[in-house]
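# Observations on chain architecture
The chain contents come next:
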Amino acid sequence: LNGAVFHSNVKDLQAFNFNGAVNAQVVTNIDRVKVWGGELEWVVRPSNDFKFFGGLGYTDAEIRKYDANPAAIGNQVPYTTKLTINSGFEYEARMTQDTDLVFRGDWQRRGKTYFHEGGTFVGVPVRDAINFVSGRIALEHTNGWSISVWGKNLLNEKYYEEVVAPDYNYQGRPRTYGLEFSASF
């Protein structure tokens, strides 16, 4: 079990904002931001071959002073997700004295994320909480090589990775999968 807490007062935090007058994303400084939160992670190993793991993260990043946009005071800092949760398992099946077959599954939840500080004509574009499921099956050798098949976003969650303005959105990755060979020496 591991944990951490943090607190920080930030001055002149750089933020990206869309400026429709020039059709561009520009950098502005948010005068003062208060950030605090914590993280907790755990690993349980009921046997040498099997483990469960997970984590919880909370970040509260609040705009405290913003002379360029006073209406945004009290809002969440853009691109900051307040709550993240992850959990998973890994099972290693001994195939030979030098080779293991490893199964891994991961679940991740990202909480609601705001893409703008708000208080302007743009409104406050937001991404609701999303869930991701990923998996991997690997054949690993003690000589340092492995071959694996993997998949990410297995539920094919549809989401935006970034929202700049109502008409400028960047879609997140769909379901992806692949085959990987790696060697360490």
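Note that the structure is a prediction, hence the values are computed from the model and not measured.

Calculation criteria
- Residues numbered from 1 in each chain as written.
- Predicted model: local features only at pLDDT ≥ 70, side-chain atom pairs only at ≥ 80, totals over all residues.
- Heavy atoms only, no water.
- Core = buried A, V, L, I, M, F, W, Y, C linked by side-chain atoms within 4.5 Å.
- Buried < 20%, exposed > 50% of the residue type's maximum accessible area, 1.4 Å probe, protein only.
- Helix = DSSP H or I, 4+ residues; strand = E, 2+ residues; numbered from the N terminus.
- Contact = heavy atoms within 4.5 Å.
- pLDDT = per-residue confidence, 0-100.
- Patch = residues over 30% accessible without salt bridge, like charges linked within 9 Å, V, L, I, M, F, W, Y side chains within 5 Å.
- Areas by Shrake-Rupley, 256 points an atom, 1.4 Å probe, with all protein chains shown as cover.
- Salt bridge = Lys/Arg side-chain N within 4 Å of Asp/Glu carboxyl O.
- Phe/Tyr/Trp six-rings, centres within 6.5 Å; stacked < 30°, edge-to-face > 60°.

### Quick word on the nonpolar core
If you look at the biggest cluster of nonpolar residues, it comprises nine residues: Ala15, Ile30, Val33, Val35, Ala61, Ile63, Tyr66, Ala72 and Val77. In terms of residue count, strand β2 (residues 24-47) provides more of this core than any other element does, three residues in total. Sequence-distant contacts of Ile63, defined by excluding residues within four places in its chain, comprise Ile30, Arg32, Ala72, Ile73, Gly74, Asn75, Gln76, Val77 and Glu117.

### Brief notes about the confidence of the model for the protein chain
Should the pLDDT be low somewhere, the predicted coordinates at that spot are not to be read in detail. Model confidence for the protein chain is summarised by a mean pLDDT of 91, while 93% of its residues fall at 70 or above. Least confident of the elements in the protein chain is strand β10 (residues 160-165), whose mean pLDDT is 78; most confident is strand β9 (residues 145-152), at 98.

### So, a nonpolar patch on the surface
A cluster of nonpolar side chains, Leu1, Trp36, Leu40, Trp42, Val44, Phe52, Leu56, Tyr58, Leu83, Phe89 and Tyr91, forms an exposed patch at the surface whose accessible area comes to about 1,000 Å². Breaking the nonpolar patch down by element, the ones donating at least two residues are β2, β3 (50-65) and β4 (83-94). Here the nonpolar patch gets four residues from one element, more than from any other, and that element is β2. Among the structural elements, Val44 can be located in strand β2.

### Here's the deal with the side chain of Thr80
Mapped onto the elements, Thr80 comes out in the loop between β3 and β4. For Thr80, a relative accessible area of 16% translates into the label buried. Contacts of Thr80, omitting those with residues within four sequence positions, involve Thr59, Ala61, Lys112 and Thr113.

### Focus: the packing of aromatic side chains
Both the distance between ring centres and the angle between the ring planes are used here to describe each pair of aromatic rings. All chains considered together, the criterion is met by seven aromatic pairs. Note on Phe50 and Phe52: the rings are 4.8 Å apart at their centroids and 75° apart in plane angle, and the pair reads as edge-to-face. Given a relative accessible area of 22%, Phe50 falls into the partly exposed group. We classify Phe52 as partly exposed; its relative accessible area is 37%. One aromatic cluster is present, built from ring pairs that chain together Phe50, Phe52, Phe89, Tyr91 and Phe103.

### Quick notes on unusual backbone geometry
Leaving glycine out, the prevailing phi sign among residues is negative, and the prevailing peptide bond configuration is trans. Backbone geometry places Asp12, a non-glycine residue, at a positive phi of 55°. Judged by its relative accessible area of 47%, Asp12 is partly exposed. Look at Asn153: it is not a glycine, yet its phi comes out positive at around 50°. With respect to the helices and strands, the residue Asn153 is situated in the loop between β9 and β10.

### Description of the pattern of salt bridges
By the definition in use, this model includes eight salt bridges. When the shortest N-O distance is used, the salt bridge between Arg94 and Asp100 registers 3.3 Å. Look at Arg94 and you get exposed, because its relative accessible area is 52%. Taking relative accessible area as the criterion, Asp100 reaches 14% and is therefore assigned buried.

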